Amino acid sequence: MASPSNSSQNGGILGVSNKTSFGKCTISTVTATGCLALQPGTTVVNALLVAGGGGGGGASNYNAAAGGGAGGVRNISSICASGTVPVVVGGGGAAGASSPPAGANAASGTNTTFKCNTANGGGFGSGYVPGTRQGGTGGSGGGNAGGGAASVAGNTPPTTPPQGNAGGTTTATPGSGASAGGGGHAALGGNSGPGANAAGNGGAGTDFSPIYGSVGGASGVFGGGGGGASDISVPNSVQGAGGAGGGGSGRPGAPGEAGTGNTGGGGGGGPVNCSTTYPGGTGGSGAVVVKELSKASGVWSMQSQFQSKSQG
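Residues numbered from 1 in each chain as written. Predicted model: local features only at pLDDT ≥ 70, side-chain atom pairs only at ≥ 80, totals over all residues. Heavy atoms only, no water.

K.L.:
Tell me what's going on with the overall build of the protein chain, and back it up with residues and numbers.
P.N.:
A count of helical and extended segments in the protein chain gives 3 helices and 14 strands. Classification of the 312 residues of the protein chain by burial places 52% in the buried group. Within the protein chain, contacts between residues at least 6 apart in sequence are counted, and of these 60% link residues at least 24 apart. Carbon and sulfur atoms form 55% of the exposed surface of the protein chain, whose accessible area is close to 12,000 Å². (Helix = DSSP H or I, 4+ residues; strand = E, 2+ residues; numbered from the N terminus. Buried < 20%, exposed > 50% of the residue type's maximum accessible area, 1.4 Å probe, protein only. Contact = heavy atoms within 4.5 Å. Areas by Shrake-Rupley, 256 points an atom, 1.4 Å probe, with all protein chains shown as cover.)

Next comes the structure, spelled out in structure tokens:
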């Protein structure tokens, strides 16, 4: 039996003193940089961090551009947090301009941070800038531009822990004009081909709705890569579809589709039609989804139970 002093310190209940959390499983989605006010009794949260997606590249006179990589996605459990917490939400990367005769690379997305945890922005889609056809690295890698005499390997995201996948590779067929898709959180970006003028699809994102519900711009799916584009003057040209989770598509006769806001989707690449070139699409902005936990282990003290009752 515990001594009177131990019983009084433990509120009359035998057991180890525990730090509890009474977050009532409240779910909040933060879509812009600022502060999140947690429930009064919250001390532990789970958080989904989604960075901004990379923009799609701009087409050149002879080659269409590649899709941007999805912003990095991290699902982190049991983060200690209470009171008001600052949040930084990453923005989508700017689209690559159509600037003949050369194309233009897009910009990579920017990082999202929460409680010293970071998700990295998606890599830019290549616009076939002279000297390189490779997309940028990031949470997921941007796609590579086509049209060269040799294939270009996709980008392996350098982030640790992994937050996404590499962008697609390009065809070795000279003058095909088709480009690859950007990487997604759940899948690699699609390669251009197998047809001579078929662009690669964006890599798929991941469905987090079983954990956080249907939040965000794509109903709980985040991190889709942008689709590549092709030369629409060539018969049977195929534009790349955006990856599930907000990725933008390559579109015939129009700029690349923008990634969906607050999903981290990559932007679609810009197509080309003879001498008419189109810019890419901007990357989708990121988000932070927070679930405030109700949890305790072992034995609760009477003081903590009284506090919980008082807070309803």
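K.L.:
Could you give an account of the pairing of strand S6 (residues 84-88), naming the residues involved and the relevant values?
P.N.:
Side chains Val85 and Val87 of S6 all project onto a buried face; the interleaved residues Thr84, Pro86 and Val88 project onto a face where none is buried. Of the strand pairs in this sheet, strand S3 (residues 34-37) and S6 are connected by 4 bridges, and their pairing is antiparallel. Note on S6: the bridge partner recorded for cysteine 35 is proline 86. The pairing of S6 with strand S7 (residues 112-114) spans 2 bridges and is antiparallel. Bridge assignment links valine 88 to a residue of S7, and that residue is threonine 113. (Pairing = 2+ DSSP bridges.)

K.L.:
A description of the nonpolar core should follow, citing residues and the corresponding values.
P.N.:
Counting residues in each nonpolar core, the largest one holds 17 residues, and the members touching the most others are Leu38, Val45, Val87, Phe114 and Val290. Elements with a contribution of two residues or more to this core: strand S4 (44-50), strand S5 (73-80), S6 and strand S13 (287-292). The leading source of residues in this core is S4, at 3 residues. Here valine 290 is in contact with Thr26, Ile27, Ser28, Leu36, Leu38, Val45, Asn46, Ala47 and Phe114, once residues within four sequence places are set aside. (Core = buried A, V, L, I, M, F, W, Y, C linked by side-chain atoms within 4.5 Å.)

K.L.:
Kindly report on the environment of glycine 190, identifying the contributing residues and their values.
P.N.:
Structurally, the position occupied by glycine 190 is in the loop between strand S8 (117-119) and strand S9 (206-207). Taking the C-alpha atoms as reference, glycine 190 lies 9.7 Å from glycine 226; in sequence the two are 36 residues apart. In this structure, glycine 190 is in contact with Gly168, Ala180, Gly181, Gly200 and Asn201, ignoring residues within four places of it in sequence.

K.L.:
Give a description of the sheet that holds S4 that names residues and reports values.
P.N.:
With antiparallel pairing, 4 strands are arranged side by side in an open sheet as S2-S13-S4-S5. Both outer strands of the open sheet, strand S2 (27-30) and S5, are each paired with one neighbouring strand and no more. Across the sheet, the mean angle from the axis of one strand to that of its neighbour is 15°, orientation sign disregarded. (Axes fitted to C-alpha atoms, helices over the stretch in contact; angles between N-to-C directions.)

K.L.:
Give a description of the side chain of threonine 263 that names residues and reports values.
P.N.:
With respect to the helices and strands, the residue threonine 263 is situated in the loop between strand S10 (221-222) and strand S11 (272-273). Of the residues examined, threonine 263 reaches a relative accessible area of 0% and is grouped as buried. Within the local environment of threonine 263, its side chain forms a polar contact with the backbone oxygen of threonine 260, the two atoms lying 2.7 Å apart. At 3.2 Å, the side chain of threonine 263 forms a polar contact with the backbone nitrogen of glycine 265. (Polar contact = N/O pair within 3.5 Å; in protein donor to acceptor, adjacent residues only side chain to side chain.)

K.L.:
Outline the environment of alanine 287, listing residues and values.
P.N.:
Within the fold, alanine 287 resides in strand S13. Along the primary structure alanine 287 and alanine 32 are separated by 255 residues, whereas in three dimensions their C-alpha atoms are 7.2 Å apart. If sequence neighbours within four positions are ignored, alanine 287 has contacts with Val30, Leu48, Leu49, Val50, Val89, Thr112 and Asn262.

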